Amino acid sequence: MSTLSIRCFFAVLLLAVLALSGCQTAPPKGLSPAQVAVLKQQGFELTDEGWEFGLSGKVLFGSDVESLNPQSTEIVERIGKALLGVGIERVRVDGHTDASGKETYNQQLSLRRAKSVANVLGTVGMKQENIQLQGLGSSEPVASNDTATGRTENRRVAIVVSAD
């Protein structure tokens, strides 16, 4: 091969690599302004974990109950539809319990609560494989477990949307 042929070959190769690298741009990170607006409208708050629905708009459960009541089901359906409407298709659902009972049981109960919310999100079109479940038991109380009111507030599920 002549020097000219080798130079042409490398020039073409370089152009091909540059052209292909232009096709490999990473998708934009983060949420769009429209997505953030919907999260705020639905009652989500920005936390260290991402956008969280749960502390200001609780999905509460009775003592030792894992299924959602009709009002909570409607809230989860509304949220699921709103998220899907702006292209948010991945969430994490964190289940919580009060401190009554054994911790191993509470951890399992909190996971079942998260699953009940995931099931409702699935009914509005969110794919189950896009819903991460976490059972946190009584490890993250939002109120004192020393009162009935506090225990009621701690029996909840939070829906979290990652900010990235």
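Scroll up for the structure.
Summarised in this report is the structure supplied together with it. (Residues numbered from 1 in each chain as written. Predicted model: local features only at pLDDT ≥ 70, side-chain atom pairs only at ≥ 80, totals over all residues. Heavy atoms only, no water.)

Some words on the nonpolar core
Across soluble globular proteins, you tend to see nonpolar side chains buried next to one another.
Part 1 of the argument: Judged by nonpolar contacts, the single largest core of 24 residues is most densely connected at Phe44, Leu83, Val91, Val93, Val117, Leu121 and Val161.
Part 2 of the argument: Listing elements by their share of this core, those giving two or more residues are helix H2 (33–42), strand E2 (50–53), helix H3 (70–85), strand E4 (91–95), helix H4 (103–123) and strand E6 (156–161).
Part 3 of the argument: Setting aside residues no more than four positions away along its own chain, valine 93 makes contact with Ala114, Val117, Leu121, Ile131, Gln132, Leu133, Gln134, Val157 and Ala158. (Core = buried A, V, L, I, M, F, W, Y, C linked by side-chain atoms within 4.5 Å. Buried < 20%, exposed > 50% of the residue type's maximum accessible area, 1.4 Å probe, protein only. Helix = DSSP H or I, 4+ residues; strand = E, 2+ residues; numbered from the N terminus. Contact = heavy atoms within 4.5 Å.)

Some remarks on H4
Part 1 of the argument: With 21 residues, H4 extends 31 Å from end C-alpha to end C-alpha; this agrees with the ideal 30 Å at 1.5 Å per step.
Part 2 of the argument: Of all the residues in H4, the buried ones are Asn106, Leu109, Ser110, Arg113, Ala114, Ser116, Val117, Ala118, Val120 and Leu121.
Part 3 of the argument: Where H4 is buried, its residues contact H3, E4, strand E5 (131–135) and E6.
Part 4 of the argument: Just past H4, the residue glycine 125 takes up positive phi, approximately 115°. (Expected span 1.5 Å × (residues − 1).)

Side note on the layout of surface pockets
Part 1 of the argument: Size it by volume and the largest pocket reaches roughly 300 Å³.
Part 2 of the argument: Along the walls of the largest pocket sit 15 residues, with Ile88, Arg90, Val161, Ser162 and Asp164 positioned nearest its centre.
Part 3 of the argument: Of all the elements in the fold, those that place two or more residues in the lining of the largest pocket are E4 and E6.
Part 4 of the argument: Looking at the lining of the largest pocket, its residues break down into five nonpolar, five polar and five charged.
Part 5 of the argument: By volume, the second largest pocket is sized at about 160 Å³.
Part 6 of the argument: Around the second largest pocket sit twelve residues that line it, and Glu49, Glu52, Asp94, His96 and Glu140 are the ones nearest its centre.
Part 7 of the argument: Within the residue set of the lining of the second largest pocket, elements represented by two or more residues are E4 and E6. (1 Å grid on protein atoms, 1.4 Å probe; cavity = no way out; pocket = protein on both sides within 12 Å on 5 of 7 lines; lining within 4 Å. Points joined across faces, edges and corners; volume = space filled by probe spheres on them. Nonpolar A, V, L, I, M, F, W, Y, C, P; charged D, E, K, R; others polar.)

Considerations on the packing of H2 against H3
Part 1 of the argument: H3 packs onto H2 with a crossing angle of 170° between their chain directions and a minimal axis gap of 10 Å. Compared by their axis directions, H2 and H3 come out roughly antiparallel. Contact residues: H2 offers Val38, Leu39 and Gln42, while H3 offers Arg78, Ile79, Ala82 and Leu83.
Part 2 of the argument: Among the residues forming the contact of H2 with H3, the class breakdown is five nonpolar, one polar and one charged. (Axes fitted to C-alpha atoms, helices over the stretch in contact; angles between N-to-C directions. Parallel < 35°, antiparallel > 145°, perpendicular 65-115°, else oblique.)

Regarding the pattern of salt bridges
Part 1 of the argument: Tallying each qualifying case throughout the model produces four salt bridges.
Part 2 of the argument: Residue glutamate 66 is joined to arginine 112 by a salt bridge in which the shortest nitrogen-to-oxygen separation is 2.5 Å. Within this pair, whereas glutamate 66 is found in the loop between strand E3 (59–60) and H3, its partner arginine 112 is found in helix H4, the two being separated by 46 residues in sequence.
Part 3 of the argument: Classification of glutamate 66 as partly exposed rests on a relative accessible area of 34%.
Part 4 of the argument: Given a relative accessible area of 29%, arginine 112 falls into the partly exposed group.
Part 5 of the argument: Arginine 155 is the partner of aspartate 98 in a salt bridge, and the nearest nitrogen-oxygen pair spans 2.7 Å. Of this pair, aspartate 98 sits in the loop between E4 and H4 while arginine 155 sits in the loop between helix H5 (148–154) and E6, and the two are 57 residues apart along the sequence.
Part 6 of the argument: Classification of aspartate 98 by relative accessible area gives buried; the value is 5%. (Salt bridge = Lys/Arg side-chain N within 4 Å of Asp/Glu carboxyl O.)

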